[in-house]
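Spelled out from the first residue to the last, the chains are:
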Amino acid sequence: MSINTAPAIDDARLSKFEESVQRGDAVEPRDWMPEAYRRHLIRQISQHAHSEVIGMQPEGNWITRAPSIRAKQILLAKIQDEGGHGLYLYSAAETLGISREEMIEQLQTGKAKYSNIFNYPTLTWADIGAIGWLVDGAAIVNQVSLQRTSYGPYSRAMVRICKEESFHQRQGYEIMATMMKGTPEQREMAQDAMNRWWWPSLMMFGPHDSDSPHSSDAFRWKIKRHSNDELRTKFIDKTVQQAEVIGLTIPDPELKWNEATGHYDHGEINWEEFYRVIQGNGQCNKQRIAHHKKAHNDGAWVRAAAEAYKVKQAVKNN
Amino acid sequence: MATDTQLDLWEVFIQSRNGSHHMHAGSVHASDRKMALQNARDIYTRRGEGSSIWVVPANSIVASNPDDADMFFDPADDKVYRHPTFYVMPEGAKQI
Ligand SMILES: [Fe+2]
Ligand SMILES: [Fe+2]
């Protein structure tokens, strides 16, 4: 008879883990956790970090062309925050045992994804308004929900990020509001940006709950606290009124208030487009990764020099 | 590609104003202490969140093991007399 107690021990640990998560206790880095929980978090947090970092590119495109020094300062500060968000999240993922080097490699080889939204181009200044208002607005809805996620370091990163995000959304909305008070050409430009960013923003919440592949473990382990459709609806409900106030039209003829549910109903999302972009065939996928690789490789000598300086200092101090 | 490095890991503690504790804020990567302090400032105090920063190499931190937590902390479990509510005060005594 062979005796193998390992599975029994793991079962006991698993039920202890699940009980504690159900009670609402946070999970901390050195606590025992199921491998699937760890893998799910590494995937989600690193993807979130990559999104913050890649998201700097479409906005960075307008720094040198911002219409005023005020606008330029704001945009720089906003993009710097996004870089910071990436760093908080990389650190949170590292507590799960993956290195930053590995994460960067996964991003650059396409093994890890980032948010689809950043594969769309920023064609006009109004796109900077639309990104702040709609893209950051959608991200905020998601991130507010994640403040209560079960993994401590992820949850703490979300709290910090949410504090910083509200300026992002407001600066974007201010740009849109200003343009809507401008010339007919400026109003048209704002509406055009709205038309291009609205649907991709709705796609940021991911597939409908009925087609969402990873969600059941994520809910049971309280990684995810609200479903994709719940969050999407919350975003739409908030945003419709804001669009009305400044005179923008939401490009969805089927959008209408539903008395019975107390929410807006929206038209069909083009999921074909969503999957096409995820699979690498969006307008900017190649450009985004090529730019990331270039910045990474161009900076290699700085990291090497910093390491060499560290070694030299250590020799000197011994 | 040459072997890449993302530099060393440091933990960051921030005191929001004089008089309060330094609290753990997160981590940074840096190759030396000066870079660690500057990175911590840029990453964690962009909105005046701090008046003082400590950075500590992550591998210098000694931490208790969560698996041993029950045993490790149990000396405190049976000493209720360390709490003021343990004591019976005479009826009528005030401000104690
Ligand atoms: Fe962000
Ligand atoms: Fe943001």
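Residues numbered from 1 in each chain as written. Chains lettered and ligands numbered in written order. Predicted model: local features only at pLDDT ≥ 70, side-chain atom pairs only at ≥ 80, totals over all residues. Heavy atoms only, no water.

(A) Just the interface of chain B and chain A, in detail. With 23 residues of chain B at the contact, the number on the chain A side is 23 residues. Roughly 2,100 Å² of surface becomes buried between chain B and chain A when both sides are summed, with 46% attributable to carbon and sulfur atoms. Here D81 of chain A and R46 of chain B are joined by a salt bridge, their closest N and O atoms 2.8 Å apart. The tally of links from chain B across to chain A stands at ten residue pairs in polar contact (both at pLDDT 80 or more). Considered class by class, the residues forming the side of chain B that touches chain A number nine nonpolar, seven polar and seven charged. (Contact = heavy atoms within 4.5 Å. Buried area = accessible area lost by both parts, 1.4 Å probe. Salt bridge = Lys/Arg side-chain N within 4 Å of Asp/Glu carboxyl O. Polar contact = N/O pair within 3.5 Å; in protein donor to acceptor, adjacent residues only side chain to side chain. Nonpolar A, V, L, I, M, F, W, Y, C, P; charged D, E, K, R; others polar.)

(B) Broad picture of the coordination of the iron ion (ligand 1). Residues and elements named next belong to chain A. Around the iron ion (ligand 1), the protein contributes the donor atoms E52 (OE), E82 (OE), H85 (ND1) and E165 (OE), at 2.1 to 2.3 Å from the metal centre. Each of the four donor atoms around the iron ion (ligand 1) contributes to a set of angles spanning 81 to 161°, which defines the coordination as irregular. In primary-sequence terms, the residues that donate to the iron ion (ligand 1) follow E-x29-E-x2-H-x79-E. Metal-to-metal, the separation of the iron ion (ligand 1) and the iron ion (ligand 2) is 3.4 Å; E82 coordinates the two. In this pair, E52 is assigned in helix 2 (residues 35-54) and E165 in helix 7 (residues 152-180), connecting sequence segments 113 residues apart. Accessibility assignment for this pair places E52 and E165 in one class, buried. (Donors = N, O, S within 2.8 Å, 3.2 Å for Na, K, Ca; no water. Tetrahedral: all angles 85-135°; square planar, octahedral: opposite > 155°, others 65-115°. Helix = DSSP H or I, 4+ residues; strand = E, 2+ residues; numbered from the N terminus. Buried < 20%, exposed > 50% of the residue type's maximum accessible area, 1.4 Å probe, protein only.)

(C) Examining helix 1 (residues 33-44) of chain B more closely. Relative to the 16 Å expected for twelve residues at 1.5 Å per residue, helix 1 of chain B spans 16 Å between its end C-alpha atoms, a close match to the ideal helical length. Residues of helix 1 of chain B that are buried include every one of A36, A40, I43 and Y44 of chain B, and no others. Taken around the axis of helix 1 of chain B, the buried residues stretch over an arc of 75°, which confines them to a single face. Along its buried surface, helix 1 of chain B packs onto helix 4 (69-94) and helix 7 of chain A together with strand 1 (8-15), strand 2 (22-30) and strand 3 (52-57) of chain B. Two or three places before K34 of chain B, at the start of helix 1 of chain B, stands the capping residue D32 of chain B, its side-chain oxygen 3.1 Å from that residue's backbone nitrogen. (Expected span 1.5 Å × (residues − 1). Arc of directions from axis to C-beta.)

(D) View of the nonpolar core. If you look at the biggest cluster of nonpolar residues, it comprises 51 residues, and the most contacted ones within it are W125, W197, W198, F235 and L248 of chain A. Elements supplying a minimum of two residues to this core: helix 4, helix 6 (125-146), helix 7, helix 8 (184-203), helix 10 (228-246) and helix 11 (271-281) of chain A. Considering every element that reaches this core, the biggest residue donor is helix 6 of chain A, with ten residues. Listed in part, the 38 residues of the second largest apolar core include A49, A218 and W221 of chain A together with A30 of chain B. (Core = buried A, V, L, I, M, F, W, Y, C linked by side-chain atoms within 4.5 Å.)

(E) View of the coordination of the iron ion (ligand 2). Residue and element names in this part refer to chain A. Looking at the iron ion (ligand 2), one finds its protein donor set to be E82 (OE), D136 (OD), E165 (OE), E165 (OE) and H168 (ND1), positioned 1.9 to 2.6 Å from the metal centre. The sequence pattern formed by the donor residues of the iron ion (ligand 2) is E-x53-D-x28-E-x2-H. A relative accessible area of 4% means that D136 is categorised as buried.

(F) Broad picture of the packing of helix 7 of chain A against helix 8 of chain A. Residue and element names in this part refer to chain A. Direction vectors running N to C along helix 7 and helix 8 enclose 140°, while the axes themselves pass 7 Å from each other. Taken together, the axes of helix 7 and helix 8 lie oblique to each other. In contact with M176, M179 and M180 of helix 7, helix 8 contributes Q186, R187, M189, A190, A193 and M194. Split into classes, the residues belonging to the contact of helix 7 with helix 8 amount to seven nonpolar, one polar and one charged. (Axes fitted to C-alpha atoms, helices over the stretch in contact; angles between N-to-C directions. Parallel < 35°, antiparallel > 145°, perpendicular 65-115°, else oblique.)

Limitation: the analysis is restricted to geometry and does not speak to function.
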